[in-house]
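Here's the letter readout for the chains.
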Amino acid sequence: MLGTFDRLRVASELTRRWSAHRDPDRDSIDEHRRLEEAALARDTDTAADILTRHLTLTMAALAEQETWHRP
């Protein structure tokens, strides 16, 4: 249980730090809302599409941010 808690804490801290550098043109609140709605509606195809797009955009933003911080 402590190991799970520690992993969640680390993931939460990483997410918090990454979100500080988010794209102001991206509406991540809407992305999460749409994902929640699809999940609650048990619309797996829509939820999978939304999640895939969300993670793809997030990975692209993180990769771009990484290139800014390289020496």
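In this report, the structure presented in the accompanying data block is examined. (Residues numbered from 1 in each chain as written. Predicted model: local features only at pLDDT ≥ 70, side-chain atom pairs only at ≥ 80, totals over all residues. Heavy atoms only, no water.)

This part is about helix H2 (residues 28-40). An α-helical turn contains 3.6 residues, so any two residues separated by three or four positions project in the same direction. Its 13 residues place the ends of H2 18 Å apart at the C-alpha level, agreeing with the 18 Å of an ideal helix rising 1.5 Å per residue. Looking at the residues trailing H2, positive phi occurs at Arg42, about 60°. (Helix = DSSP H or I, 4+ residues; strand = E, 2+ residues; numbered from the N terminus. Expected span 1.5 Å × (residues − 1).)

Let's shift gears to the pattern of salt bridges. Summed over the entire model, instances satisfying the criterion amount to four salt bridges. For Glu31, the salt bridge is made with Arg26, and the minimal N-O distance between the two is 2.7 Å. Of the residues examined, Glu31 reaches a relative accessible area of 8% and is grouped as buried. As a salt-bridge pair, Asp30 and Arg33 come within 2.2 Å of each other at their nearest N and O atoms. Remark: Arg33 and Asp30 occur in helix H2; sequence separation between them is three residues, near one turn of the helix. Shared partners join several salt bridges into a network, and the residues in it are Asp30, Arg33 and Glu37. (Salt bridge = Lys/Arg side-chain N within 4 Å of Asp/Glu carboxyl O. Buried < 20%, exposed > 50% of the residue type's maximum accessible area, 1.4 Å probe, protein only.)

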